[in-house]
Amino acid sequence: MDYDMLVIGSGPSGRRAAVQSAKLGKSVLVVDRGRRLGGVSVHTGTIPSKTLRETVLNLSGWRERGFYGRGYRVKQDISVHDLVERLHKTLDHEVEVLQHQFMRNTVKSARAAVKFLGPNKVSLTSDTGDYSEVGFANALIAVGTRPHRPRDVPFDKTRIFDSDEMLELDRLPRTLTVIGAGVIGVEYATIFSALDVPVTLVEPRNSILDFVDREIVDDFIHQMRDRGMTIRLGSAVKEIRSKPEAAEVELADGRTIRSEVVLYAAGRTGNVGSLGLDVVGIDADSRGRIKVDPNTFQTSVPNIYAAGDVIGFPSLASTSMEQGRVAACHAFGVPLPPPPETFPYGIYAVPEISTVGQSEEQVRESGAAYEVGVARFRETSRGHIMGVNTGFLKLLFSIETRRLLGAHIVGEGATELIHIGQAVINLGGTVDFFVNNTFNYPTLAEAYKIAGLDAWNRMGRG
Ligand SMILES: Cc1cc2nc3c(=O)[nH]c(=O)nc-3n(C[C@H](O)[C@H](O)[C@H](O)COP(=O)(O)OP(=O)(O)OC[C@H]3O[C@@H](n4cnc5c(N)ncnc54)[C@H](O)[C@@H]3O)c2cc1C
């Protein structure tokens, strides 16, 4: 065998699996067909969109508008150049850190497209046509996904873009239509809206972000509408046209939306087409997703693992990393404890949403008796100081066990604050934790104390 572990794809799951394998003293080769290491996460997904968001919030003065009013701006004329400058610096830094991490851990990497020749052998073909074959004991398929691009959508990178291409905009659009109100769609829609670009968000279904607590989503939708975004729920798209003067989105109900640019963000497809999965007998579904054992991440071929977006939900960089690590540990016989009960979900829209554990709808469905505690950020002193006048935290507790069942946040700092809820849920903590512990003051985290007291006052001492 040439390598103990062959990793196909250098995104979060591949990277973690590679480093974990190397730490266990194994020989590792990471092969990625992309120009630079890092995957979707570094180059077109997580890091670029979050960098863009941070830049927009800083330059637009968004966080200060609670104090100074909606007309407040740090920089008057924000150009694409302003946005891209920080993006490139951040991405270069990410790649450098990754390369250094591979070097330190003697993880080898190669740039090539991979194809299976058998359960222990692949071929590597470089851009220039160089061909080689590599033998492996274990492999991890970590090839990720690409934007779903229906044939009848005229993507042209002038008026109609997919989410990868949005980073190549050469000017800020004067108006934007976003099709698809999934996580990627709402993130980009609200980021551009924070730049005061008029945005229309179109979603064929009647609801959005169905995995999030309804009260949080309702508040989020209210905030989007309140700042002038147009949201068309239950609106199927009939046709998208790219015209010299504008992009046109014709809805099934007869209305037509015109905007300078359209972002089509409705789903992603697994990159399995050229992997030769049929040679080893691994199946993928119509969206290119591979089925795995959810505890070990083994495919139907025991020494070939798959992790990250190519195995489907939840399709997050955060969960992908953990899947890669678990796969590597399993491959080399490292015993692992059972996975934690829950993991957090972060939606980096403006405002942020983050959620962990059960939603109120799920608790109700379970039939468990529960109590709710709510704290509005504007009730906290830190909120006053920061000029935060929107956002809230909602906690759900079991009346029987007093345990925290779910924590849900919309508003400033949600994706950081959620980890308090995550820790308490996974450590089996109860409402009494929030009531009996002192929190730093003034902080937004104090909202946990307020929400805990809110529920406790109705639950009594148990
Ligand atoms: C706009 C956007 C925003 C996002 N924001 C967040 C966020 O805020 N938080 C979060 O947790 N997640 C976020 N995600 C999701 C996150 O980016 C993905 O979950 C994560 O990148 C998946 O990692 P992965 O390991 O599957 O590999 P990926 O990052 O998908 O990388 C796969 C790699 O495999 C390579 N590859 C593909 N086929 C082959 C082949 N045949 N041979 C060799 N190499 C191949 C590709 O070149 C690529 O480099 C976002 C995604 C998008 C698109």
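Residues numbered from 1 in each chain as written. Predicted model: local features only at pLDDT ≥ 70, side-chain atom pairs only at ≥ 80, totals over all residues. Heavy atoms only, no water.

1. A short note on the overall build of the chain
Just so we agree on the cut-off: Each helix corresponds to a stretch of at least 4 residues labelled H or I by DSSP, and each strand to a stretch of at least 2 residues labelled E; elements are numbered beginning at the N terminus. A radius of gyration in this sense is built from C-alpha atoms; the matching globule rule multiplies 2.2 Å by the number of residues raised to 0.38. The buried label applies to any residue whose accessible area, calculated with a 1.4 Å probe on protein chains only, is under 20% of its type's maximum; exposed applies above 50%, and partly exposed to all values in between.
Check the secondary structure of the chain and you find 14 helices and 22 strands. In terms of overall dimensions, the chain is globule-like: its C-alpha atoms have a radius of gyration of 24 Å, near the 23 Å expected for 462 residues. Taking the principal axes of the C-alpha coordinates as reference, the chain spans close to 65 × 65 × 40 Å. Burial status across the chain gives 54% buried among its 462 residues.

2. A look at the site of the ligand
To keep it simple, the criterion reads: A molecule or strand has a residue near it when one of that residue's heavy atoms lies within 4 Å. Whenever two N or O atoms come within 3.5 Å, that pair is a polar contact, provided that in protein one can donate a hydrogen and the other can accept it, and provided that, for residues adjacent in sequence, both atoms are side-chain atoms. Each accessible area value is a Shrake-Rupley result obtained with a 1.4 Å probe; residue values ignore everything except the protein chains displayed when judging cover.
Inspection of the region around the ligand gives 37 residues, with S13, D32, T46, K50 and D309 positioned closest. S41 is positioned such that a nitrogen or oxygen atom in its backbone is 3.2 Å from an oxygen atom of the ligand. Between D309 and the ligand, the recorded distance is 2.7 Å, taken from a side-chain N or O atom to an oxygen atom. If the ligand stood free it would expose 1,000 Å²; the protein chains cover 94% of that surface. Where the shell around the ligand is concerned, the elements lending two or more residues are α1 (12–23), β2 (28–32), α2 (39–43), α3 (46–60), β4 (113–118), α6 (183–194) and α9 (317–331).

3. Some details on the UniProt feature "domain: Pyridine nucleotide-disulphide oxidoreductase dimerisation" (unreviewed entry) in the chain
What counts is decided by this rule: UniProt positions are given in the numbering used here, feature names are shortened, and annotations may be inferred rather than shown by experiment.
In the numbering used here, UniProt assigns the feature "domain: Pyridine nucleotide-disulphide oxidoreductase dimerisation" (unreviewed entry) to residues 344–449. Spanning residues 344–449, this segment combines 34% helix with 27% strand, and its end C-alpha atoms are found 20 Å apart.

4. Re the UniProt feature "domain: FAD/NAD(P)-binding" (unreviewed entry) in the chain
Within this numbering scheme, the UniProt entry marks residues 3–324 as carrying the feature "domain: FAD/NAD(P)-binding" (unreviewed entry). As a span, residues 3–324 carries 30% helix and 25% strand, and end to end its C-alpha atoms are 17 Å apart.

5. Focus: the nonpolar core
What counts here: Only buried residues count toward a nonpolar core, which is a set of Ala, Val, Leu, Ile, Met, Phe, Trp, Tyr and Cys residues joined through side-chain atoms within 4.5 Å. When checking whether two residues touch, look at their non-hydrogen atoms; a contact exists if any pair is within 4.5 Å.
If you look at the biggest cluster of nonpolar residues, it comprises 49 residues, and the most contacted ones within it are F116, L140, I141, I290 and I304. Excluding anything up to four places from it in sequence, L140 contacts M5, L6, V7, I8, S13, G14, A17, Y305, A306, A307 and A327. Of all hydrophobic cores here, the second largest spans 45 residues; its members include F192, F220, M229 and V261.

6. Concerning the side chain of S10
With respect to the secondary-structure elements, S10 resides in the loop between β1 (3–8) and α1. Within polar-contact distance, the side chain of S10 engages the side chain of D32 at 2.7 Å. Only 2.9 Å separates the side chain of S10 from the backbone nitrogen of G38, close enough to count as a polar contact. Ignoring anything within four residues of it in the chain, the contact list for S10 reads R15, V30, D32, L37, G38, G39 and L98.

7. So, the pattern of salt bridges
Put simply, the rule reads: Within this document, salt bridges are pairs made up of a side-chain nitrogen of Lys or Arg and a carboxyl oxygen of Asp or Glu, the two lying within 4 Å of each other.
This structure, assessed with the given rule, holds 38 salt bridges. Of the charged contacts, one joins E54 and R63 as a salt bridge, the two residues approaching to 3.5 Å between their closest N and O atoms. Assessed through its relative accessible area of 27%, R63 is described here as partly exposed. The partner of D213 in a salt bridge is K394, with the nearest N and O atoms 2.8 Å apart. Residue D213 is located in the loop between β10 (199–203) and α7 (214–226), and its partner K394 is located in strand β21 (residues 392–398); the two are separated by 181 residues in the primary sequence. Assessed through its relative accessible area of 1%, K394 is described here as buried.

8. Describing the sheet that holds strand β8 (residues 160–162)
How we decide: A strand pair is defined by DSSP finding two or more bridges across the two strands. Here an axis means a line fitted to C-alpha atoms, over the contact stretch when the element is a helix, while the angle between two N-to-C directions is reported on a 0 to 180 degree scale.
Ordered by their spatial adjacency, five strands build an open sheet running β8-β15-β9-β10-β11, and the pairing between neighbours is parallel. Looking at the sheet topology across the chains shown, the edges are occupied by β8 and β11 (230–233). Sheet twist, expressed as the mean angle between neighbouring strand axes with direction ignored, is 20 degrees. Both β8 and strand β15 (residues 261–264) contribute to a ladder of three bridges, which runs parallel. By the bridge assignment for β15, I160 is matched with V262. Sitting on the sheet, α6 is in contact with β9 (176–179), β10 and β15, with an inclination near 165 degrees to β10.

9. What to know about the sheet that holds strand β14 (residues 256–259)
The strand order β12-β13-β14 describes an open sheet built from three strands, whose pairing is antiparallel. The sheet is open, and its two borders are formed by β12 (237–242) and β14, each paired with just one other strand. On average, adjacent strands in this sheet sit at an angle of 15 degrees to one another, irrespective of strand direction. Pairing analysis gives five bridges linking β12 to strand β13 (residues 247–251), with the strands arranged antiparallel.

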